[in-house]
Amino acid sequence: MKALSVLYDGLVRKNPTFVLILGMCPTLGTTSSALTGMSMGLATLFVLVCSNVVISLVRNLIPDKVRIPAYIVIIASFVTMLQMVMQAWLPALYASLGIFIPLIVVNCILLGRAEAFASKNNPALSAVDGLGVGLGFTAALTLLGAVRELLGTGAVFGARVYPEDFGSLIFVLAPGAFIALGFLIALFNRLTSRQ
C-alpha cells in the first residue's frame, strides 16, 4: 500500500515537472520532439532508480559531512555508464540529446530524491520512489515534446498528423517550450485540483 502511494506521489502529487517545477533545463532543452523528450525521461528514470537503490543501500555507511558529494559520485557513476551505452548502441539519439546526458548528474530531481527519500528508506521503497518520479518526469517530457512537435511540425513521434506547412515554427524553438510548458502546467493543475 505504501509503495502505491509513493508511486502515485511521483507520478501526480510530486510530479517533478508539473508540480515541483524541477529539472527545467532538460525539460525545455530536449523536448523539441516526443522521441527526444521520452528518451531524456527514460535516461533520467534509469539513473534515478539505480542511484536511489545504491544510496539506500549505503546510507548508513556514508558520514553526514560527505553525504552530498557521495550521492553525486554515485549518480555520476550511473550517468557515465548510461552515456557509454548510448554512445555505443544509440549514437544518433546520444547526438540529439547532446550535453543534456552528462547534465543528468546535476539534475536537482536526482539529488533531491537521494536526500529526501533514498537516504531515509529501504532499497525496495527507494526503487519505487525512483520509478514513480522517473515515470512522472518521462510522461511530462514526452507530453511536452509531443505537443511541441505536433504544433510545430504537424507530426507526433514522426507520424504526420497534418501538413508541415500548417505548423508554427515557434513551438519547435525555445520560446515554444516555455509557452507549451505553461499551458500544460495550467492544464495539469486544473485536472488535479478536481481530485
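This text goes with the structure placed above it.
Residues numbered from 1 in each chain as written. Predicted model: local features only at pLDDT ≥ 70, side-chain atom pairs only at ≥ 80, totals over all residues. Heavy atoms only, no water.

(A) Layout of the overall build of the chain. Helix and strand counts for the chain come out as 8 helices and 2 strands. Relative to the compact-globule value of 16 Å for 195 residues, the chain shows a C-alpha radius of gyration of 17 Å, a close match. Seen along its three principal axes, the alpha-carbon backbone of the chain occupies a region of about 60 × 45 × 25 Å. Long-range pairs, those at least 24 residues apart, make up 73% of the contacts in the chain with a sequence separation of at least 6. Summed over all atoms, the accessible surface of the chain reaches about 9,800 Å², with 73% contributed by carbon and sulfur. Positive and negative side-chain charges of the chain, numbering 12 and 7 respectively, have mean locations separated by a distance of 11 Å. (Helix = DSSP H or I, 4+ residues; strand = E, 2+ residues; numbered from the N terminus. Rg over C-alpha atoms; globule rule 2.2 N^0.38 Å. Contact = heavy atoms within 4.5 Å. Areas by Shrake-Rupley, 256 points an atom, 1.4 Å probe, with all protein chains shown as cover. Lys, Arg positive; Asp, Glu negative; His and termini not counted. Charge placed at Lys NZ, Arg CZ, Asp CG, Glu CD.)

(B) Expanded view of a nonpolar patch on the surface. Together, Leu11, Leu131 and Leu135 make up a nonpolar patch on the protein surface, roughly 200 Å² of accessible area in all. Checked against the element boundaries, Leu135 lands in helix α7 (residues 123-153). Given a relative accessible area of 34%, Leu135 falls into the partly exposed group. (Patch = residues over 30% accessible without salt bridge, like charges linked within 9 Å, V, L, I, M, F, W, Y side chains within 5 Å. Salt bridge = Lys/Arg side-chain N within 4 Å of Asp/Glu carboxyl O. Buried < 20%, exposed > 50% of the residue type's maximum accessible area, 1.4 Å probe, protein only.)

(C) Expanded view of the nonpolar core. Counting 27 residues, the largest nonpolar core has Met40, Val47, Met86, Ile101 and Ile104 as its most contacted members. Counting 11 residues, the second-largest nonpolar core is a separate cluster that includes Ala140, Leu144, Leu181 and Phe188. (Core = buried A, V, L, I, M, F, W, Y, C linked by side-chain atoms within 4.5 Å.)

(D) Region of interest: the packing of helix α4 (residues 67-89) against helix α6 (residues 108-118). Where α4 meets α6, the axes come as close as 10 Å, and the angle between the chain directions of the two elements is 125°. Of the possible angle classes, the one that applies to α4 and α6 is oblique. Remark: the crossing between α4 and α6 carries right-handed chirality. Mapping the contact onto sequence places Arg67, Ile68, Tyr71, Ile72 and Ile75 in α4 and Leu110, Leu111, Ala114 and Glu115 in α6. Its residues assigned to classes, the contact of α4 with α6 comprises 7 nonpolar, no polar and 2 charged. (Axes fitted to C-alpha atoms, helices over the stretch in contact; angles between N-to-C directions. Parallel < 35°, antiparallel > 145°, perpendicular 65-115°, else oblique. Left-handed = near helix turned anticlockwise from the far one by under 90°. Nonpolar A, V, L, I, M, F, W, Y, C, P; charged D, E, K, R; others polar.)

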